[in-house]
Amino acid sequence: MNTSTAITKMPTAGYGAALWRGLKSIGLLRESWVGMVGAFLVLFWVLVAIFAPLLAPFDPNSSIQPFAKPMMAAAKGGTFWLGTDHIGRDILSRIIWGSRTVLIYAPLATLCAYTVGILMGLAAGYRGGWVDDVLSRIADIILSFPVLVLYIIIIATIGASGLNIIIAITFASSPGIMRIVRGLVLDLRNRDYVAAAQTRGESDWKVMLVEILPNARGPLIVDACLRLGYVIITIGVLGFLGLGLPPPDPDWGGMVNETRQMAMAFPHMTLFPCIAISSLILGFNLLADGLREISLRD
Amino acid sequence: MVTLVVKRIGFMIFTMIVVSLILFLLLETELTGDPAARVLGQFSNEEQREMWREQHGYNQPVFLRYVKWLGNFATGNLGESIRFKGPVADVMLPRLWNTAILGFWTFAIMIPLSLILGVLSGMKEGSKLDRSISVFGILTTSVPEFASAVIFSSLFVFGLKWLPGTSSMSGGFEFKQLILPAMVLIVYDFGYVARMTRASMAEVMTSQYVRTAVLKGLPYKSVIVKHALRNALIAPFTVIMLQINWLLSGVIVVEFFFAYKGFGALILEASLNNDIALLEACAMVAVCVAVTTQTLADIGYTFLNPRIRFS
């Protein structure tokens, strides 16, 4: 099939068109090598997380042989490619399973924060007036906290668990998202198509969600990538401080916390989880940079 | 200008009152669990808890307790720390001083470094130097503080044996012990300031008056130093002030990692030990520092920017 007929056959409206445009913008990423490297890193960890049961050589939580150095052969067959930790758990398997933990909680927390942030931002920007005043003041106050102090207070009072981490992240980062959305809405709400929708008699929420929000998606996608990186850092830091997910399930920050006392004699125990978390964050940050570069070009 | 300053300071006080209310509700009321159980531990019985509540006035109405609590706070009566068995102020002040020393050295190195890198990459947007500095900045901000602390200490402490691995200063103040914590903070934070400086510089470089200066044949160096820099450095001023907020988060991780006896480690210790009086005081101080620097940043920005100052 030659390309010109392929293009003419493409649907011009509805979900098909949106999907096609989405695929095309991923294709555009080729033009930015920074973005490509980022996309590759993220894709790598997503695949690792999906195929974790197939890739992990050992069970991540069972104690096999303590203090094994990297590349050491296991007594019962197999190799500890990255060594084992102080309780004898295979580090490579824990890193592989840990990618699942991070790639479930981080996007989930980001999604929750975005849902709350977008609704607040739409309401503040579109309604204006006292709604805007109240929501903006609330956002200012939450944002005036040093982030980690806020997390420590929240986790200290409601306890450390997966759900509570999501609640804490939503609480702390939705005001930032709200500010961005509010700014975009203030710019978009005076456009002709918004006026047209209002004249048609569409409800406020329909105008906000169907007319305004899709047109604000560009900057929001870039911000979401950056924010995913921050959320991964947050989850890692909370794990490192001992405020993260409860043991024994592997979590990269928690792995560093458990073994850092032994870093002197066994640096591999802390070093590999650090490299894993940094490479995933780097992936999201480079992807965001690539997307921004492309969005600025056209 | 005056109304703006008054407005900003008013909002600052308002923020601190709301924050104190949030802290009070979270830590001192039954909203998030029984405070008596939190202080006395899971295994205390109801009788002990009731006695504790009676002793510490927890049976009074919430509103009255809040007013009393706020009054104590305002008059400097911060209460007793359970963990350190002493007045909160005595525990907190030396720790604050230690963190101020760490913060000072971090800023003293980070600000010139990030401004120079930001200006260099913003001078010629899209150049090879610009792209390298940008990617390097992204790389360093992608490594969380605890990860770079691990990487640096395995390199400089275990590998090369140049620097001590802990910074507890147990044998008196030693500058050598300050190097690694400051380095971790600088590496994590400088990328952001550099990026903001770059954006501001790049914007100024495309402005009409810089183009005029170039076209009338001024030497490139004097265009940059005399014309571009003065305007390009207004925005980074705000960013640097706001960076203090980030630094307060960063010191928690770094001080915990290197066992540095500072304010950040104290907040963490207070929360892990359910030392509520200490946690409240630390959180209030942290928010006060953050809000004050934000206010100063806002006022300073309008003061530095003549377009706003004279309007």
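None of the values given here were measured: they were computed from a predicted structure.

Enquirer: Describe the overall build of chain B, and please don't skip the residues or the numbers.
Expert: Counting its regular elements, chain B contains 14 helices and 2 strands. In terms of its C-alpha atoms, chain B occupies a principal-axis envelope of roughly 85 × 55 × 30 Å. By residue count, 36% of the 311 residues in chain B fall in the buried class. Intrachain contacts of chain B at a sequence separation of at least 6 include 72% that bridge at least 24 residues.

Enquirer: Outline the environment of Thr110 of chain A, supporting the account with residue identities and numerical values.
Expert: All names here are of chain A. Among the structural elements, Thr110 can be located in helix 5 (residues 91–127). Residue Thr110 is classed as buried on the basis of its C-beta count, with 24 C-beta atoms lying within 10 Å. In sequence terms Thr110 and Ile158 are 48 residues apart; their C-alpha atoms lie 20 Å from each other. For Thr110, the residues in contact, after removing those within four places along its chain, are Ala224, Arg227, Leu228 and Val231.

Enquirer: Any details on the packing of helix 11 (residues 234–258) of chain B against helix 13 (residues 276–304) of chain B? Residues and values, ideally.
Expert: Residues and elements named next belong to chain B. Two numbers describe how helix 11 lies on helix 13: the axes approach to 9 Å, and their chain directions differ by 180°. If you check the angle between helix 11 and helix 13, you find them roughly antiparallel. In this structure, helix 11 uses Ile234, Phe237, Thr238, Met241, Leu242, Ile244, Asn245 and Leu248 to contact helix 13, whose residues at the interface are Ala286, Val289, Ala290, Thr293, Gln294, Leu296, Ala297, Gly300, Tyr301 and Leu304. Considered class by class, the residues forming the contact of helix 11 with helix 13 number 13 nonpolar, 5 polar and no charged.

Enquirer: Report on the nonpolar core, specifying residues and quantitative values.
Expert: Counting residues in hydrophobic clusters, the biggest one holds 146 residues, and the most contacted among them are Val149, Tyr151, Ile152 and Ile232 of chain A together with Ile267 and Cys282 of chain B. If one sorts the elements of this core by residue count, helix 5 of chain A sits on top with 18 residues. Aside from chain neighbours lying at most four places away, what touches Tyr151 of chain A is Ala168, Ala172, Thr234 and Leu238 of chain A. Leu115, Val119, Val204 and Ala232 of chain B belong to the second-largest nonpolar core, a separate cluster that totals 8 residues.

Enquirer: A description of helix 11 (residues 217–240) of chain A should follow, citing residues and the corresponding values.
Expert: In this model, helix 11 of chain A (24 residues) spans 34 Å end to end at C-alpha, consistent with the 34 Å of a helix rising 1.5 Å per residue. In the segment just after helix 11 of chain A, Gly242 of chain A is the residue with positive phi, at about 80°.

Enquirer: Lay out the confidence of the model for chain B with the relevant residues and their values.
Expert: Any residue range with low pLDDT should be treated as having predicted coordinates unsuitable for detailed reading. Scored by pLDDT, chain B has a mean of 84; 97% of the residues are at 70 or more. With pTM at 0.86, the complex prediction returns an ipTM value of 0.85.

Enquirer: How would you summarise the environment of Asp275 of chain B if you had to cite specific residues and measurements?
Expert: Looking at the element boundaries, Asp275 of chain B is found in the loop between helix 12 (263–272) and helix 13. Those residues in contact with Asp275 of chain B that lie beyond four places of it in its chain are Ser81, Ile82, Arg83 and Ala270 of chain B.

Reading the values: the criteria
Residues numbered from 1 in each chain as written. Chains lettered and ligands numbered in written order. Predicted model: local features only at pLDDT ≥ 70, side-chain atom pairs only at ≥ 80, totals over all residues. Helix = DSSP H or I, 4+ residues; strand = E, 2+ residues; numbered from the N terminus. Buried ≥ 20, exposed ≤ 12 C-beta atoms within 10 Å, placed from the backbone. Contact = placed C-beta atoms within 7 Å. Axes fitted to C-alpha atoms, helices over the stretch in contact; angles between N-to-C directions. Parallel < 35°, antiparallel > 145°, perpendicular 65-115°, else oblique. Nonpolar A, V, L, I, M, F, W, Y, C, P; charged D, E, K, R; others polar. Core = buried A, V, L, I, M, F, W, Y, C linked by C-beta atoms within 7 Å. Expected span 1.5 Å × (residues − 1). pLDDT = per-residue confidence, 0-100.

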